[in-house]
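# Observations on the model geometry
Here is what each chain is made of, one letter per residue.
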Amino acid sequence: MILLGVALAAAVGAPARYLLDGWLQERLQQVFPWGTFVINVSGSLLLGLLTGLVLYGGFPQTPKVVLGTGFCGAYTTFSTFSWETVVLAEEGSRLEALGNTVGSVVVGLAAAAAGLLLAAGLT
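Let me begin by describing the structure that accompanies this report. (Residues numbered from 1 in each chain as written. Predicted model: local features only at pLDDT ≥ 70, side-chain atom pairs only at ≥ 80, totals over all residues. Heavy atoms only, no water.)

## Notes on the environment of L53
Its location among the elements puts L53 in helix α2 (residues 34–57). Here the alpha-carbon distance between L53 and S93, two residues 40 residues apart in the chain, equals 40 Å. Residues contacting L53, with those up to four places away along its chain left out, are G58, F59, A119 and T123. (Helix = DSSP H or I, 4+ residues; strand = E, 2+ residues; numbered from the N terminus. Contact = heavy atoms within 4.5 Å.)

## Notes on the nonpolar core
In this structure, V6, A9, I39, L50, V66, F71, C72 and Y75 together form the largest nonpolar core, which totals 8 residues. Within the residue set of this core, elements represented by two or more residues are α1 (2–28), α2 and α3 (61–75). Beyond its immediate chain neighbours, meaning those up to four positions away, Y75 contacts G13, A14, A16, R17, L20, I39, S42 and G43. (Core = buried A, V, L, I, M, F, W, Y, C linked by side-chain atoms within 4.5 Å. Buried < 20%, exposed > 50% of the residue type's maximum accessible area, 1.4 Å probe, protein only.)

## Some words on α2
Counted at 1.5 Å a residue, the expected span for α2 with its 24 residues is 34 Å, and the 33 Å between its end C-alpha atoms agrees. Inspection of α2 places G35, T36, F37, I39, N40, V41, G43, G48, L49, L50, G52 and L53 among the buried residues, and these make up the whole buried set. Residues of α2 that are buried sit in contact with α1, α3, α4 (78–90) and α5 (94–122). Just past α2, the residue G58 takes up positive phi, approximately 75°. (Expected span 1.5 Å × (residues − 1).)

## Let's talk about the pattern of salt bridges
By the definition in use, this model includes 1 salt bridge. In this structure, the salt-bridge partner of R27 is E26, at a minimum N-O distance of 3.7 Å. Judged by its relative accessible area of 49%, R27 falls in the partly exposed class. The class for E26 is exposed, based on a relative accessible area of 51%. (Salt bridge = Lys/Arg side-chain N within 4 Å of Asp/Glu carboxyl O.)

## What to know about the side chain of T85
Position of T85 relative to the elements: it lies in helix α4. With a relative accessible area of 12%, T85 lands in the buried category. Leaving out residues up to four positions away in the same chain, T85 has contacts with A97, N100 and T101.

## Thoughts on α4
Taking 1.5 Å per residue as the helical rise, α4 with its 13 residues ought to reach 18 Å, and the 18 Å between its terminal C-alpha atoms agrees with that figure. Within the span of α4, buried status applies to F81, E84, T85 and L88. The buried residues of α4 occupy an angular sector of 100° when the element is viewed end-on, so they sit on one face. Exposed and oriented more than 90 degrees from the buried face of α4 are S79, W83 and E90. Downstream of α4 by a residue or two, G92 has a phi angle that is positive, lying close to 90°. (Arc of directions from axis to C-beta.)

## Overview of the packing of aromatic side chains
Under the criterion given, the structure shown has 5 aromatic pairs. Here the aromatic rings of F32 and F37 are separated by 5.9 Å at their centres, their planes lie at 65°, and the arrangement is edge-to-face. On the basis of relative accessible area, F32 is assigned to the buried category, the value being 12%. Residue classification places F37 among the buried residues on the basis of a relative accessible area of 13%. The structure contains a cluster of three or more aromatic residues connected by ring pairs, namely F32, W34 and F37. (Phe/Tyr/Trp six-rings, centres within 6.5 Å; stacked < 30°, edge-to-face > 60°.)

This is the structure:
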């Protein structure tokens, strides 16, 4: 039953990523991959929140697995982040590639920590 929940949540996460990325890239039209950046940071925040709710608030493990693995796993994307960073570097946008790498890691970790803190404050 958990597998079905993960699959259904993933079926929502992947289209959400596709639509949000396209919407952001169309509006911003910049070299920097803002769509992937925003998606990965918001996914980190959500996963931190879910994890914090389990740790601090007694949120059941099963919904965390379904939402964390299913939705967040399909919504966020390390492979696209990596590919976009390599493309930036290959096309001569090395500063943007470095900013994407450092920014994604630092801001993603901060978002996950903020999610944990938010969960702690909610419980």
